[in-house]
Amino acid sequence: MATILILRDPFNNLASKRRANPERDEDYFRGERELWKTHAREFLGETDYLGKKILLKYNDWFRDAAYRAGIAEALGTDLPATHPAGERALAGVPWNGKSQFDRRRFDGGAQEMKVLERWKEMTEDPVYGDVFADEELTVLARRLFDLEEIFGRCDAGRATSKT
């Protein structure tokens, strides 16, 4: 049996975690960054703690029906993700109480949520802002995701932290 490893880009993932846990301190958030890096190394094959695994990039899954179809095939489902019923199901995903950004605004319209832009709302948060200066996190993220707008912010963050 395979383990499914789902990885979201660290900037949006950590923005969501920070928004959901504003009372948590810098040490807790540093631990969350380290956990993401551990998952990224496993995703990249630098470690093999999980053994047989199916790798799923959340960002690609969210925005690309063909990617979802490939994942459905890898999981052995008989209904491809590009089937109209699958697309309707995805569009109708109800709000589950977890989004600290959108609350119930997109109840039934999950694809309209800006889940790949969460980082933009957190850049002024001093605890979250450290994510841009984390060089190892950025290197791993560059290997996994195409996030040029964010990487420009990372490069600026590291330049600022060195002065």
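Residues numbered from 1 in each chain as written. Predicted model: local features only at pLDDT ≥ 70, side-chain atom pairs only at ≥ 80, totals over all residues. Heavy atoms only, no water.

**Topic: the overall build of the protein chain**
Which entries qualify depends on this criterion: Each helix corresponds to a stretch of at least 4 residues labelled H or I by DSSP, and each strand to a stretch of at least 2 residues labelled E; elements are numbered beginning at the N terminus. Throughout this description, buried means an accessible area under 20% of the type-specific maximum (1.4 Å probe, protein chains only), exposed means over 50%, and partly exposed covers the range between. The Shrake-Rupley method, run with a 1.4 Å probe sphere, supplies the accessible areas, and residue values consider only the shown protein chains as cover.
Secondary structure summary: the protein chain contains eight helices and two strands in total. Secondary structure elements in the protein chain, listed N-terminal to C-terminal, are β-α-α-β-α-α-α-α-α-α. By residue count, 39% of the 163 residues in the protein chain fall in the buried class. By element, 52% of the accessible surface of the protein chain is carried by carbon and sulfur atoms, the whole surface being about 9,300 Å².

**Brief notes about the pattern of salt bridges**
Quick reminder of the rule: Each salt bridge in this description consists of a side-chain nitrogen of Lys or Arg and a carboxyl oxygen of Asp or Glu lying within 4 Å of one another.
Inspection of the entire model under this criterion finds 15 salt bridges. For the salt bridge of Glu 42 with Lys 53, the shortest nitrogen-to-oxygen distance reads 3.0 Å. Pair noted here: Glu 42 is in helix α2 (residues 26-43) and Lys 53 is in strand β2 (residues 53-57), with a separation of 11 residues, a long-range link. Given the relative accessible area of 4%, Glu 42 is considered buried. Connected through shared salt-bridge partners, Arg 33, Glu 34, Lys 37, Arg 41, Asp 134 and Glu 136 make up one network.

**Here's the deal with the packing of aromatic side chains**
As a reminder of what qualifies: Only Phe, Tyr and Trp rings take part, Trp by its six-membered ring, and two of them pair if their centres are within 6.5 Å. Stacked means planes under 30 degrees apart, edge-to-face means over 60, and tilted covers everything else. In this scheme, the term charge over a ring applies when either NZ of a lysine or CZ of an arginine sits within 6 Å of the ring centre and within 35 degrees of the ring normal.
Counted according to the given criterion, the structure contains six aromatic pairs. Here the aromatic rings of Tyr 58 and Phe 62 are separated by 6.2 Å at their centres, their planes lie at 25°, and the arrangement is stacked. In this pair, Tyr 58 and Phe 62 are both assigned in helix α3 (residues 58-63), four residues apart and thus about one turn of the helix distant. Taken together, a centroid distance of 6.1 Å and an interplanar angle of 75° make the contact between Trp 119 and Phe 132 edge-to-face. Of this pair, Trp 119 sits in the loop between α5 (84-91) and α6 (126-129) while Phe 132 sits in the loop between α6 and α7 (135-144); the two residues are 13 residues apart in sequence, bridging distant segments of the chain. Here the two residues Trp 119 and Phe 132 agree in accessibility, since each one is buried. Over the aromatic face of Phe 145 sits the side chain of Lys 57, whose NZ or CZ is 5.8 Å from the ring centroid.

**Focus on the confidence of the model for the protein chain**
The following threshold applies: The pLDDT score gives, residue by residue, the confidence of the prediction method on a 0 to 100 scale. Only heavy atoms matter for contacts: two residues are in contact if any of them lie within 4.5 Å across the pair.
The share of residues in the protein chain with pLDDT of 70 or more is 70%, and the mean pLDDT across the chain is 78. The least confident element of the protein chain is α5, whose mean pLDDT is 57; the most confident is α2, at 96. For the stretch residues 93-111, pLDDT sits under 50, and the model shows 33 contacts to residues farther than four places along the chain or on other chains.

**Focus: α7**
An α-helix turns once per 3.6 residues; consequently, residues spaced three or four apart project the same way. Formally: Starting at the helix axis, one direction is taken to each C-beta atom, and the arc is that of these directions. Here a polar contact means two N or O atoms within 3.5 Å. Within protein one must be a hydrogen donor candidate and the other an acceptor candidate, and residues neighboring in sequence count only if both atoms are side-chain atoms.
Restricting attention to buried positions, one finds in α7 the residues Leu 137, Thr 138, Leu 140, Ala 141 and Leu 144. Here the buried residues of α7 occupy an arc of 165° about the axis, which is enough to place them on one side. Backbone nitrogen of Glu 136 and a side-chain oxygen of the N-cap are separated by 3.3 Å at the start of α7; the cap is Asp 134.

**Brief notes about the nonpolar core**
Most often, soluble globular proteins keep nonpolar side chains buried together rather than apart. Quick reminder of the rule: We define the nonpolar core as a collection of buried residues of types Ala, Val, Leu, Ile, Met, Phe, Trp, Tyr and Cys that are connected through side-chain atoms lying within 4.5 Å of one another.
Counting 22 residues, the largest nonpolar core has Leu 7, Phe 11, Trp 36, Tyr 128, Val 131, Phe 132 and Leu 144 as its most contacted members. Here Leu 144 is in contact with Leu 7, Trp 36, Ala 40, Phe 43, Leu 44 and Lys 57, once residues within four sequence places are set aside.

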